[in-house]
Amino acid sequence: MSHYVKFTYQRAPADIAPFDALVELNECRRKLLELRLIGVDSNGVGFGNLSVRDGSTASFYITGSATGGLPELTPTDYVRVVAYDFARNWLRYEGATIPSSESLTHAAIYESDPSTFAVIHCHDSNLWRTLLDRVPTSSKAVAYGTAEMAYEIMRLFTGSDVRSRQIFVMAGHEGGIVAFGKNLEQAFDVLMRERK
Ligand SMILES: [Zn+2]
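Residues numbered from 1 in each chain as written. Predicted model: local features only at pLDDT ≥ 70, side-chain atom pairs only at ≥ 80, totals over all residues. Heavy atoms only, no water.

Asker: What should I look at first to understand the packing of helix H1 (residues 22–34) against helix H6 (residues 184–195) in this one?
Answerer: Packed helix pairs are characterised by how far apart their axes lie and by the angle those axes make with each other. At their nearest, the axes of H1 and H6 sit 10 Å apart, and the two run at 15 degrees to each other. By the criterion of interaxial angle, the relationship of H1 to H6 is roughly parallel. At the point where H1 passes H6, the crossing takes the right-handed sense. Within the contact between the two elements, H1 uses Glu-24, Leu-25, Cys-28, Lys-31 and Leu-32 and H6 uses Leu-184, Glu-185, Phe-188 and Leu-191. (Axes fitted to C-alpha atoms, helices over the stretch in contact; angles between N-to-C directions. Helix = DSSP H or I, 4+ residues; strand = E, 2+ residues; numbered from the N terminus. Parallel < 35°, antiparallel > 145°, perpendicular 65-115°, else oblique. Left-handed = near helix turned anticlockwise from the far one by under 90°. Contact = heavy atoms within 4.5 Å.)

Laid out in C-alpha cells, this is it:
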C-alpha cells in the first residue's frame, strides 16, 4: 500500500498495452513540468496527475502514484482504471503500478460530465490563492483523494458552473487545482487562461 493512496484497490490480472493517448499525455506533461505545475515537492514526493478517458467508455488511463517528477512516462507508469465504487472508496485497475491518489477525483469528473475526455490535477500555490472561491471550490473540510472528494465534485457539477468553467480548486488541498476538457490540450489551455 502506498503512503499517499487513501483508497483500497484491486489489480486486474492484466498489464496495459501502449495506448494512443500516450504521446499526447507525455507532451502535456512536458509543458506542465516546465511550468512546475507538476513535479516533486520539497519532501521529494511527486505531485500532479493526468488522465484521459478510454474512448467513450467509463474507464480511463491515469498516471501512477507519485510519478509527478518523472520526465517521461512509459505504459508501465500508467494504469487503466476499469471500475470504482465511491461508497466503498475502492477501485479496480489494470497496469503495473499503483494508480494516482487522485484517481477517484478523476473518476467523479468523468462520471459527472460525459463530454470530458481529459483531466489535469496540478499544484500552483499562487494561482490557487487567486482562484480560491473565485472559481468553483471544493469544501475546505474535504481532503484530497477521498471518497468525500468524489462526492464533493459531483456536488460542484450540480451546484456550480464548473461544467462551463472547466476548472475548480480544492480548498482542503493547498495548491490543488483541477482543469478538464474534451482533450488534454483544452484542459491545459484552461489552466493557461487562468494563469494570465
Ligand atoms: Zn494534489
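Asker: Before we go on, may I ask you to explain the sheet that holds strand E1 (residues 8–11) in this structure?
Answerer: The strands making up a sheet associate through backbone hydrogen bonding, with each pair oriented either parallel or antiparallel. Judged by pairing direction, the sheet is mixed, and its 9 strands sit side by side in the order E1-E7-E6-E5-E4-E8-E11-E10-E9 without closing on themselves. A strand with exactly one partner marks an edge of an open sheet, and here the two such strands are E1 and strand E9 (137–138). Two elements, strand E4 (residues 49–53) and strand E5 (residues 60–63), share 3 bridges in a ladder whose sense is antiparallel. By the bridge assignment, Ser-51 is partnered in E5 with Ile-62. The strands touched by H1 are E4, E5, strand E6 (78–85) and strand E8 (118–123); relative to E4, the strand with the most contacts, the crossing angle is about 150 degrees. (Pairing = 2+ DSSP bridges.)

Asker: Help me understand H1, please; the structure alone is not making it clear to me.
Answerer: Count 3.6 residues to each turn of an α-helix, and residues three or four apart come out pointing the same way. A rise of 1.5 Å per residue sets the reference length of H1, with its 13 residues, at 18 Å; its end C-alpha atoms lie 18 Å apart and thus fit the reference within 8%. Looking one or two residues beyond H1, the residue adopting positive phi is Arg-36, at roughly 60 degrees. (Expected span 1.5 Å × (residues − 1).)

Asker: Is there a simple way to explain the environment of Asp-189 in this structure?
Answerer: Relative to the helices and strands, Asp-189 is located in helix H6. The spatial distance from the C-alpha of Asp-189 to the C-alpha of Ala-179 is 9.1 Å, given a sequence separation of 10 residues.

Asker: I'm lost on the coordination of the zinc ion in this one. Help?
Answerer: Put simply, the ideal angle at a metal is 109.5 degrees for four donors in tetrahedral geometry and 90 or 180 degrees for six donors in octahedral geometry. In this structure, His-121 (NE2), His-123 (NE2) and His-173 (NE2) serve as the protein donors to the zinc ion, at separations of 2.1 Å. Counting the intervening residues between successive donors of the zinc ion yields the motif H-x1-H-x49-H. In terms of burial, His-121 and His-123 fall into one category: buried. (Donors = N, O, S within 2.8 Å, 3.2 Å for Na, K, Ca; no water. Buried < 20%, exposed > 50% of the residue type's maximum accessible area, 1.4 Å probe, protein only.)

Asker: Honestly, unusual backbone geometry in this entry has me stumped. Any pointers?
Answerer: For residues other than glycine, phi is negative in most cases, and the peptide bonds are mostly trans. Its identity as a non-glycine residue notwithstanding, Asn-89 has a phi of 55 degrees, on the positive side. Relative to the helices and strands, Asn-89 resides in the loop between E6 and strand E7 (90–95). Of note, the phi angle at Asp-133 is positive, near 60 degrees, even though the residue is not glycine. Position of Asp-133 relative to the elements: it lies in the loop between helix H3 (125–131) and E9.

Asker: How do you make sense of the pattern of salt bridges when you look at a structure like this?
Answerer: Two side chains that carry opposite charge are able to pair once their charged atoms sit near each other. Tallying each qualifying case throughout the model produces 11 salt bridges. Where Arg-88 meets Asp-85, a salt bridge forms, and the shortest distance between an N and an O atom there is 3.8 Å. Each of Asp-54, Arg-80 and Glu-94 takes part in salt bridges that share partners, so that together they form one network. (Salt bridge = Lys/Arg side-chain N within 4 Å of Asp/Glu carboxyl O.)

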